[in-house]
Amino acid sequence: MSLRQLKEFCIPGDWAEVDAQLGRYGARAFVLAGGSFVHGLDARGLLHEVEALIDIRNLGLDYIRAESGGLRIGATTTFAHLQAAPTLGESPWLGALADALACPPRQIRNVATVGGSVAASCPYFDPPTALMALDARVAVVAGGARREFPLGELFAGTFENSLRRGEIIVELFLPRPTGRSASAFLKLEGNANDLAIVNCAASLEIDAQGRCSEARIALGGGVGDAIARATSAERLLQGRVADDEVLWSAAEAVGEDIDPHTDHRASAAYRLAVAKVLTRRALTCALARSARTPT
Amino acid sequence: MMQLVTLEVNGEQHEIAVEADGALLAVLRDGLGLIGTKRGCDTGGCGCCTVLVDGRAVYSCMMYTLSAQGRKITTIEGLAADGKLDPLQEAFVNTGAVQCGYCTCGFIMVAKQLLSETNNPDEDAIRHAIAGNLCRCTGYHKIVEAIRLAAKGG
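Residue positions are given per chain, counted from 1 along the sequence in the order it is written. Chain letters and ligand numbers both follow the written order, the letters beginning at A and the numbers at 1. Reporting in this predicted model follows two pLDDT cut-offs: at least 70 for local features of residues, and 80 or more for side-chain atom pairs to be given and counted; totals over whole chains, interfaces and linings ignore these cut-offs and use all residues.

Overview of the overall build of chain B
The condition that has to hold: Numbered from the N terminus, helices here are DSSP runs of H or I no shorter than four residues, and strands are runs of E no shorter than two. The reference for a compact globule is 2.2 Å times residues^0.38; the radius of gyration itself is calculated from the C-alpha atoms. Exposure in this text rests on C-beta crowding, where 20 or more other C-beta atoms within 10 Å of a residue's own make it buried, 12 or fewer make it exposed, and counts in between make it partly exposed. The C-beta atoms are placed from the backbone. Here, residue contact means that the backbone-derived C-beta atoms of the two residues sit within 7 Å.
Scanning chain B for helices and strands turns up five helices and five strands. Sequence-ordered secondary structure for chain B, helices as α and strands as β, is β-β-α-β-β-β-α-α-α-α. Over its C-alpha trace chain B gives a radius of gyration of 15 Å, about what one expects of a compact globule, namely 15 Å for 154 residues. Counting over 154 residues, chain B shows a buried share of 47%. Look at the contacts in chain B between residues 6 or more apart in sequence, and 57% of them connect residues 24 or more apart.

So, the packing of helix H10 (residues 244–253) of chain A against helix H11 (residues 268–291) of chain A
The relative placement of two packed helices comes down to the angle between their axes together with the axis-to-axis distance. Residues and elements named next belong to chain A. For clarity, the threshold we go by: To obtain an axis, a line is fitted to C-alpha atoms, over the contacting stretch when the element is a helix, and the angle between two such axes runs from 0 to 180 degrees between their N-to-C directions. With respect to orientation, any angle under 35 degrees is reported as roughly parallel, any angle over 145 as roughly antiparallel, any angle of 65 to 115 as roughly perpendicular, and every other angle as oblique. For any pair of crossing helices, the crossing counts as left-handed if the nearer helix is rotated counterclockwise from the farther one by less than a right angle, and right-handed if it is rotated clockwise. All amino acids are sorted into three groups, where Ala, Val, Leu, Ile, Met, Phe, Trp, Tyr, Cys and Pro are nonpolar, Asp, Glu, Lys and Arg are charged, and the leftover types, Gly among them, are polar.
Two numbers describe how H10 lies on H11: the axes approach to 8 Å, and their chain directions differ by 140°. The orientation of H10 with respect to H11, classified from their angle, is oblique. Both H10 and H11 take part in a crossing whose hand is right-handed. Facing Leu 247, Trp 248, Ala 250, Ala 251 and Glu 252 of H10, the residues of H11 in contact are Lys 276, Thr 279, Arg 280, Leu 283 and Thr 284. When grouped by side-chain class, the residues that make up the contact of H10 with H11 number five nonpolar, two polar and three charged.

As for the packing of helix H2 (residues 87–95) of chain B against helix H3 (residues 104–117) of chain B
All names here are of chain B. It is the contact of H2 with H3, at a shortest axis distance of 10 Å, that shows an interaxial angle of 130°. Comparing their axes, H3 and H2 come out oblique. The crossing of H2 and H3 is right-handed. Residues Leu 88, Gln 89 and Phe 92 of H2 form the contact with H3, whose participating residues are Thr 104, Ile 108, Ala 111, Lys 112 and Leu 115.

Some details on the nonpolar core
Applied cut-off: Buried Ala, Val, Leu, Ile, Met, Phe, Trp, Tyr and Cys residues whose C-beta atoms connect them within 7 Å together make up a nonpolar core.
Counting 152 residues, the largest nonpolar core has Cys200(A), Ala201(A), Ala202(A), Leu219(A) and Ala282(A) as its most contacted members. Leu219(A) has contacts with Thr129(A), Val198(A), Asn199(A), Cys200(A), Ile227(A), Ala228(A), Ala230(A), Val254(A), Ile258(A) and Ala275(A), leaving out every residue within four places of it along the chain.

Re the interface of chain A and chain B
On the side of chain B, 25 residues touch chain A, which itself brings 19 residues to the contact. Looking at the side of chain A that touches chain B, the elements with two or more residues in it are strand S1 (8–10) and helix H6 (106–109) of chain A. The biggest single contributor to the side of chain A that touches chain B is H6(A), with three residues. Its residues assigned to classes, the side of chain A that touches chain B comprises eight nonpolar, seven polar and four charged.

Describing the sheet that holds S1(A)
All names here are of chain A. Using the following cut-off: At least two DSSP bridges between two strands are needed for those strands to be called paired.
Spatially, the three strands line up as an open sheet ordered S1-S3-S2, and their pairing is parallel. Bordering the open sheet on either side are S1 and strand S2 (29–32), each of which pairs with just one other strand. Neighbour-to-neighbour, the strand axes of this sheet turn through a mean angle of 15°, independent of strand direction. Packed onto the sheet, helix H1 (residues 15–25) meets S1, S2 and strand S3 (52–55) and runs at close to 165° relative to S3.

A closer look at helix H1 (residues 24–31) of chain B
Residues and elements named next belong to chain B. Regarding H1, the residues found buried are Leu 24, Leu 25, Val 27 and Leu 28. Contacts made by the buried residues of H1 are with strand S1 (2–9), strand S2 (12–19) and strand S3 (50–53). Among the residues trailing H1, Gly 33 stands out with phi positive, at a value near 70°.

Take it as geometry only, folks, not as evidence of what the structure does.
Now the structure itself:
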């Protein structure tokens, strides 16, 4: 780790201290939680001007609150903490998140945080793809003022988020779908400790007639500058019974929603083929889970 | 920029000046001489730098030293602090789960957390637990066997 301009590493105990540090360093302050990807950002030359690291671990943002309207997750909640939450294992609608949290190795799950994983805006991470399919909303604060917005609006590009100066992510909210709902996440990777070649999360709400009243599909890996919502595929599912033919059509339509690229992990053509397969399989898995879900 | 930090490592308090952006791994090895923890990829990809922080396995190459303040750090040297090998260490010896040995400490530390949470992990749980650690020699079979042996009490 080599932040050449770094002058201070601080762990504030309250928001007044955070605001003071942000006031002192302005754009040269960098907020971290678990810190497990800071080296990754640094290695890409994105932190050369950072003079202060602000570790927000002690601000009371490590919490999971299951409410009737959904699930609130504090920004510094680690993957391991969230993974162990009973509500995750008991709620088919959160299946995609449970699947995605099982992917990173234990050493990462113990450290990486939910807020940090989305703030990094890395399209190769797994939990953010699941959170996108679960229609997550992000809450941020700056100087005591709070605003909320859909997670998709946070991702401005690869390793680039849309946070305004001084804003810190404090919470993610997952709205509980109405009716019978389930989700699933799948990933193709080179080895057990590698980033995704492609990952996919699918969330379905099924009405009393067995039709998809809501479908959300998100894809990550090298399929675009940010995690993509497969809206063309979603439209094909909307209002229809998700039989084999519909699932195959939806998977095929994913090609219209993503822009795969070639890198050392895979070619664009391979990613496109995998994205279609993973979409169909994630939808199939979500559908099967929904069938086991009481209305 | 150096900052003074107090670290609790293997039950001992150390007051040490560290680089503000220094990784825990560097302090353990170069500052405290605890060279059982190995430097491998330095990017969280191989697992040989694994230590326990508050009982949980972490990549020490990716953790800022200053983030480890106030937490209990355990390295491989801390497992046999009283001179007697930990059951995991004994099991690795007895099953021949070591070839070049460079990755071994990392495997033992991540297995330490696993066995602190469950005393009867099946093969799938063991393999999943060590997914963040690489071994280029053994093919993993003996490592899995060693962890299972330790779980059974050696």
